[in-house]
Amino acid sequence: MRVHICAAGRLKAGPEKLLIDDYLSRLDAAGRPIGIAAGPVIEVEEKRKLDAPQLMAREAELLLAAAKGATIVALDERGRNETSEVFAKRLGEWRDNATSDLAFVIGGANGLAPAIREKAVHIMSFGAVTWPHMLVRVLLAEQLYRAVTILAGHPYHRP
């Protein structure tokens with residue numbers, strides 16, 4: 001199973017990008033033996049000046065196109081807040097149910113359009129606080145790596 005991150009907005013070089021690249025590299029090394037590989041981070045961006053609802057709708061179109069053919073998991077503040085162990089179990093179930101591509105979708109500064117939440121098989125949250133959408137990528141990459149290490153029995157995760 002390949003795990004993709006599809007996100008609205010471009011991440012510039014800097015500490016967030018370094019962290020994401022590091023965690024995805026670790027995920028790939030730890031995950032391949034158990035059937036989980038890091039796919040690409042796919043960034044989409046609408047350059048036109050649109051009002052918030054129009055921009056959110058356009059980002060949804062671009063994100064859904066980027067995730068075409070993949071099982072979609074939406075990251076949204078209204079989603080389910082789970083422990084790392086529960087998330088790992090869910091990731092393992094997707095793998096075991098022959099999901100070939102899994103796309104974690106992160107919206108832009110205005111959030112996710114309902115169209116994405118409707119197509120998602122799961123909606124998850126990193127808590128009730130509001131996170132900058134660029135930091136959500138880092139949190140997701142780390143949690144994906146943590147989930148793979150839990151599934152592999154690696155000592156990275158200490159409950």
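About the criteria used
- Residues numbered from 1 in each chain as written.
- Predicted model: local features only at pLDDT ≥ 70, side-chain atom pairs only at ≥ 80, totals over all residues.
- Heavy atoms only, no water.
- Helix = DSSP H or I, 4+ residues; strand = E, 2+ residues; numbered from the N terminus.
- Buried < 20%, exposed > 50% of the residue type's maximum accessible area, 1.4 Å probe, protein only.
- Contact = heavy atoms within 4.5 Å.
- Pairing = 2+ DSSP bridges.
- Axes fitted to C-alpha atoms, helices over the stretch in contact; angles between N-to-C directions.

Asks: I keep staring at the overall build of the protein chain and nothing clicks. Help me out?
Replies: When helices and strands are counted, the protein chain shows five helices and five strands. Ordered by position from the N terminus, the helices and strands of the protein chain form the series β-α-β-α-β-α-β-α-β-α. The dimensions of the protein chain, computed from C-alpha atoms along their principal axes, are 45 × 35 × 30 Å. By the burial criterion, 47% of the 159 residues in the protein chain qualify as buried.

Asks: I'm lost on the environment of Leu75 in this one. Help?
Replies: Tracing the chain through its elements places Leu75 in strand E3 (residues 71–81). Leu75 sits 19 residues away from Met56 along the chain, and the two C-alpha atoms are 14 Å apart. If near-sequence neighbours (up to four positions away) are discounted, Leu75 is found in contact with Phe104, Val105, Ile106, Leu112, Met124, Phe126, Val136 and Leu140.

Asks: What is the right way to read the environment of Ala52 from this model?
Replies: Among the secondary structure elements, Ala52 is positioned in helix H2 (residues 52–66). On a C-alpha basis, the gap between Ala52 and Val148 in space is 36 Å, while along the polypeptide they are 96 residues apart.

Asks: What is the right way to read the sheet that holds strand E5 (residues 122–125) from this model?
Replies: The strands making up a sheet are joined through hydrogen bonds of the backbone, oriented either antiparallel or parallel. Strand order across the open sheet formed by five strands is E2-E1-E4-E3-E5, with parallel pairing between neighbours. On the outer flanks of this sheet lie strand E2 (37–44) and E5, each paired with one strand and no other. Going across the sheet, the axis of each strand differs from the next one's by a mean of 30°, ignoring polarity. Looking at chain direction, strand E1 (residues 2–8) and E2 are connected through six bridges and run parallel. Note that in E2 the partner of Cys6 across the bridge is Ile42. Lying on the sheet, helix H1 (residues 15–31) is in contact with E1 and E2; it crosses E2 at an angle near 150°. Set on the sheet, helix H3 (residues 84–96) makes contact with E3, strand E4 (101–106) and E5; between it and E4 the angle comes to about 135°.

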